[in-house]
Amino acid sequence: MSGSGRLSSLLIHGVLILGIAVIAFPILIALIASSHDQITLVGKFPFYFGEHFIENYRTVLGEGMKRAGGGAVGPMLMNSFVMAIVIAVGKIVISILSAFAIVYFRFPFRMGFFWMIFITLMLPVEVRILPTYQVIANLELLNSYTGLTLPLIASATATFLFRQFFLTVPEELTEASRIDGAGPMRFFWDVLLPLSRTNIAALFVIVFIYGWNQYLWPLLVTQEESMYTVVMGIQRMVTVADAQAEWNLVMATTILALLPPVLVVVLMQRWFVKGLVETEK
Amino acid sequence: MAAVAFSAVRKSYGNNPVIHGVDMQIADGEFIVIVGPSGCGKSTLLRMVAGLEAISAGTIAIGERVVNNLEPKDRDIAMVFQNYALYPHMSVFENMAYGLKIRGFSKSDIEARVKRAADILQLDPYLARRPRELSGGQRQRVAMGRAIVRQPAVFLFDEPLSNLDAKLRVQMRIEIKRLHRELGVTSIYVTHDQIEAMTLADRLVVMNGGRAEQIGPPKEVYERPATTFVATFIGSPAMNLIPARVQAPDLFELAGGLSVRLPAPRGAAAGTDLTFGIRPEHVALADDGAPLTVELAEELGADTIVYGRLDGGQELVVRVPGYLELNIGDRVGIQIDTSKVHLFDKASGQRL
Ligand SMILES: Nc1ncnc2c1ncn2[C@@H]1O[C@H](COP(=O)(O)OP(=O)(O)OP(=O)(O)O)[C@@H](O)[C@H]1O
Ligand SMILES: [Mg+2]
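Position numbers for residues start from 1 in each chain and track the written sequence from start to end. Naming scheme: in the order in which they are written, chains are lettered from A and ligands are numbered from 1. Selection of residues for local features in this predicted model requires a pLDDT of at least 70, selection of side-chain atom pairs for listing and counting requires 80 or more, and totals for whole chains, interfaces and linings are taken over all residues. To obtain the side-chain values, all non-hydrogen atoms of the structure were used and water was disregarded.

### Remarks on the nonpolar core
What counts, and what does not: By convention a nonpolar core is built from buried Ala, Val, Leu, Ile, Met, Phe, Trp, Tyr and Cys residues, the set being connected through side-chain atoms within 4.5 Å. Only protein chains enter the accessibility calculation, which uses a 1.4 Å probe. A residue is then buried if its area is under 20% of the maximum for its type, exposed if over 50%, and partly exposed in between. Under the DSSP-based scheme used, a helix requires at least four consecutive residues in state H or I and a strand at least two consecutive residues in state E, with every element numbered from the N terminus. Two residues form a contact once any of their heavy atoms are found within 4.5 Å.
Counting residues in hydrophobic clusters, the biggest one holds 97 residues, and the most contacted among them are A:F166, B:F6, B:L45, B:I60, B:L156 and B:I188. Ranked by residues supplied to this core, first place goes to helix α3 (residues 73-104) of chain A with 12 residues. For B:I60, the contacting residues outside a window of four places in its chain are B:V4, B:A5, B:F6, B:V9, B:M48, B:V49, B:I55, B:R65, B:V66, B:V67 and B:N68. Counting residues in hydrophobic clusters, the runner-up holds 46 residues, among them B:V80, B:A97, B:A143 and B:A197.

Set out below in structure tokens:
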């Protein structure tokens, strides 16, 4: 870069900084709000951190908002975490196996099955939510982890992604492993899975966040407080009857709810970015 | 090590026949090279031996066993692919060891075998690397190593060198030859490259349109091609094929009017039409020979290839040793070496 390079570099950095500010500002507000007591936040907003930071988080994690009838956030985080993990792992396992079956095996109605899976892409959770609820209710799976996660596990998108990836794996690799004596599952385990690991990591991040952020479905299938997820919890804290919402605690909960997805992204980043930008020869 | 026997082997993809009955006996330890134009079924034939394609009819036997219904892993073969087909996520060592590991060899056994193969192929410094950190030639050697460690009865090669540059190809060709001498394993090798075919083969199989047109030692295929197809396919530039008529048992009139008298009668009745073949290197320049008008001369250094036309209009290619400067339109005299003439049936193309 030369001459105008400096200017355009400035411009680029300006835009980037602006973008980061737009994203980071609400988080900053949440952080600040979560460090004051309830009174401070009534009718005004402080510009700097207060002294109740640790106290707020301890309250939220341990006992929750007693006055508003909200439970402790700790168990909610746990529920969310279990749900997100089970959905992510389940989705990946199911979809990689179905993609494997569709790409590598000749069975009757193979393309039929492929299209059946593919068509469900057009039916997101929200569209089929009532019949799904009916099924789960009839199976008596309400208020259970199974009910919370099972309907969200089947995934046409992930199956399709893995299928597309498997189609790019050279056929000679399959043949070489057949000659080496690997059976289908051995080939899957020793060759296909390691080759898919960047895809798996990328998908894991995306699906984990998808699971973590589920709102409507947990709202429907859980009636017992012990099964509430954190995203539902926040909603319940805000809409308290006959009292001020305790915004300091709500914000603390929000920050806590933000952490696990961030953690997953940070931990998986190395693989995730690799999966997006690099294809292994 | 084992012999391989093909009997009446056929292959169809759906209703589309691709291999039309191949019969061939490969002796234990023999190096067989399959050549032929693109799409003639070389790879298909090889893959049927490997067990990667089903055999539509006929049988293939490796050693005493008919292998038609055996899985590739049970056929005691190893295959080297054109694009190497190495496992990208495994190190060189793991690539070579994988087949042994699956077969349940002990760790020390695996190590010993891989070590030996790495020694033979000079791969020692690279054992810890991934395939993508290797050059094309090194990858090809790893692919070969993977085949060697298994100590199979038969090696199968499908154009293993065609992704390499010319120099490396020569080097690897010599290496394969050496390997075969050392290990003595029955090998079937598919190639497009004539030099590979001529230098590696104990016997050459020339395929055309799903049939084996000729099977024989390279020298025999070169000197006594069974059909006009083989005659033009093997040898570069290709053999001159000229329509001719028998005047007398030893006297032929070529298209364009040139008469050629052979040293001895060849048993063709006077009056029959046939195809007269002569290789470019068996035509010499001679001042008092039949006149040829030069249309193009390629100076290759060691030889000069002269493309010209006889006075009657018949095209003729001549290969002259040494460096010869000729211009388009020059007229030279040519002399056919009458002891090197090939005669083919006009209709069937079969050698007479
Ligand atoms: N899977 C397949 N389905 C249908 N036809 C096929 C299939 N594989 C090969 N063929 C056909 O079989 C014929 C022989 O193919 P093959 O790959 O054996 O040719 P080849 O001699 O190896 O050619 P090349 O030198 O180009 O590799 C070709 O006409 C090809 O179109
Ligand atoms: Mg081929």
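### Considering the pattern of salt bridges
Here is the rule we go by: Salt bridges are defined as contacts in which a side-chain nitrogen from Lys or Arg sits within 4 Å of a carboxyl oxygen from Asp or Glu.
Following the criterion strictly, the structure yields 20 salt bridges over all chains and no others. The partner of B:R47 in a salt bridge is B:E53, and the shortest N-O contact between them spans 3.2 Å. With a relative accessible area of 16%, B:R47 lands in the buried category. Note that B:R178 is salt-bridged to B:E182, the shortest N-O span being 3.1 Å. A residue pair is termed a helical-turn pair when its members lie 3 or 4 positions apart in one helix, as B:R178 and B:E182 do in helix α5 (residues 166-183) at 4 residues. Taking relative accessible area as the criterion, B:E182 reaches 47% and is therefore assigned partly exposed. Overlapping salt bridges bring together A:E175, B:K11, B:R47 and B:E53 as one network.

### As for the site of ligand 1
Residue and element names in this part refer to chain B. What counts here: Nearness is defined per residue: one heavy atom within 4 Å of the molecule or strand is enough. Polar contact is the term for a pair of N or O atoms within 3.5 Å; when the atoms are in protein, one must be able to donate a hydrogen and the other to accept it, and sequence-neighboring residues count only if both atoms are side-chain atoms. Each accessible area is a Shrake-Rupley estimate made with a 1.4 Å probe; only the visible protein chains count as cover when residues are assessed.
Around ligand 1, the structure places Y13, V18, S38, G39, C40, G41, K42, S43, T44, E159 and H192. Interatomic distance of 3.0 Å between a backbone N/O atom of G41 and an oxygen atom of ligand 1. In this structure, an oxygen atom belonging to ligand 1 sits 2.7 Å away from a side-chain N or O atom of K42. Out of a free accessible area of 630 Å², ligand 1 has 58% covered by protein chains.

### Looking at the packing of aromatic side chains
Our working definition: Here a Phe, Tyr or Trp ring, Trp counted by its six-membered ring, pairs with any other such ring whose centre lies within 6.5 Å, and the pair is stacked when the planes are under 30 degrees apart, edge-to-face when over 60, and tilted otherwise. Over a ring means this: the NZ of a Lys or the CZ of an Arg is within 6 Å of the ring centre and within 35 degrees of the ring normal.
Scanning all chains against the criterion turns up 24 aromatic pairs over all chains. Residues A:F208 and A:W212 carry aromatic rings whose centres are separated by 6.0 Å and whose planes lie at 20° to one another, so their mutual orientation is stacked. One end of the pair is A:F208 and the other is A:W212, both in helix α10 (residues 197-212) and 4 residues apart, which spans about a single turn. Exposure remark for A:F208: the relative accessible area of 0% places this residue in the buried category. Looking at A:W212, the relative accessible area reads 2%, which means it is buried. What links up through ring pairs into an aromatic cluster is the set A:F100, A:Y104, A:F105, A:F162, A:F165, A:F166, A:F187 and A:F188. Directly above the ring of B:Y13 sits B:K11, whose terminal nitrogen or CZ lies 5.1 Å from the centroid. When the ring centre of B:Y222 is taken as origin, the NZ or CZ atom of B:R279, which lies over that ring, is 3.9 Å away.

### Focus on the interface of chain B and chain A
Test applied: Accessible area that two parts lose when put together, evaluated with a 1.4 Å probe and summed over both, is termed the buried area. Side-chain classes are defined by residue name, with Ala, Val, Leu, Ile, Met, Phe, Trp, Tyr, Cys and Pro counting as nonpolar, Asp, Glu, Lys and Arg as charged, and the others, Gly among them, as polar.
Each side of the interface is counted separately: chain B has 28 residues, and chain A has 18 residues. In total, about 2100 Å² of surface goes out of reach between chain B and chain A, with carbon and sulfur atoms giving 56% of it. Where chain B packs against chain A, one counts 3 salt bridges. Between the two partners, chain B and chain A, sit 9 residue pairs in polar contact (both at pLDDT 80 or more). Among the secondary structure elements, those contributing two or more residues to the side of chain B that touches chain A are α1 (42-50), β6 (77-80), α2 (92-102) and α4 (136-149) of chain B. When its residues are assigned to classes, the side of chain B that touches chain A shows 14 nonpolar, 4 polar and 10 charged.

### A closer look at helix α8 (residues 171-180) of chain A
Within α8(A), 7 of the 10 residues are buried, which leaves it mostly tucked inside the rest of the structure. Along α8(A), the positions that sit buried rather than exposed are A:L173, A:T174, A:E175, A:A176, A:S177, A:I179 and A:D180. Buried residues along α8(A) sit in contact with α3 and α9 (184-195) of chain A together with α1, β6, α2 and α4 of chain B. In the segment just after α8(A), A:G181 is the residue with positive phi, at about 100°.

### Some remarks on the packing of α3(A) against helix α4 (residues 110-119) of chain A
Residues and elements named next belong to chain A. The criterion, for reference: Note on geometry: axes are lines fitted to C-alpha atoms, helical ones only across the stretch in contact, with angles between N-to-C directions running from 0 to 180 degrees. Each crossing is labelled by how the near helix is turned from the far one, with a counterclockwise turn of less than a right angle marking it left-handed and a clockwise turn marking it right-handed.
Running from N to C, α3 and α4 point in directions that differ by 145°, and their axes come no closer than 9 Å. For the element pair α3 and α4, the recorded crossing hand is left-handed. Seen from α3, the contacting residues are S98, I102 and V103; seen from α4, they are R110, F114 and I117. Classifying every residue of the contact of α3 with α4 by side-chain character gives 4 nonpolar, 1 polar and 1 charged.

### Considerations on empty space enclosed by the protein
Note the cut-off: Here a cavity is any set of points on a 1 Å grid over the protein atoms alone where a 1.4 Å probe fits but cannot get out, and a pocket is any open set with protein on both sides within 12 Å along at least 5 of 7 lines; a residue lines the site when it has an atom within 4 Å of a point. Grid points are joined across faces, edges and corners, and a volume is the space filled by probe spheres set on the points.
Throughout the structure, instances matching the rule amount to 3 cavities of 30 Å³ or more. Lining the largest cavity are B:F31, B:M144, B:I148, B:F155, B:F157, B:I176, B:L179, B:H180, B:L183, B:V185 and B:S187. Counting only elements with at least two residues in the lining of the largest cavity, the list comes to α4, β7 (154-158) and α5 of chain B. Here the element with the most residues in the lining of the largest cavity is α5(B); it accounts for 4 residues. Looking at side-chain class alone, the lining of the largest cavity contains 9 nonpolar, 2 polar and no charged residues. Here the second largest cavity is characterised by a volume of approximately 60 Å³. Surrounding the second largest cavity, A:A176, A:I179, A:D180, B:A78, B:M79, B:F81, B:R146, B:A147 and B:R150 form its lining. Looking at the lining of the second largest cavity, the elements with two or more residues in it are α8 of chain A together with β6 and α4 of chain B.

### Let's talk about a nonpolar patch on the surface
Residue and element names in this part refer to chain A. Filter applied, for reference: The patches reported here contain residues having more than 30% relative accessible area and no salt bridge. Joining distances are 9 Å for like charges and 5 Å for nonpolar side chains (Val, Leu, Ile, Met, Phe, Trp, Tyr).
Where nonpolar side chains cluster on the molecular surface, the patch consists of L18, V22, I23, I27, L258, V262 and V266 and spans about 650 Å² of accessible area. Sorting the residues of the nonpolar patch by element identifies α1 (4-33) and α13 (247-277) as the ones contributing at least two each. For the nonpolar patch, the element with the most residues is α1, which contributes 4 residues. With respect to the helices, strands and loops of the structure, V22 is situated in helix α1.

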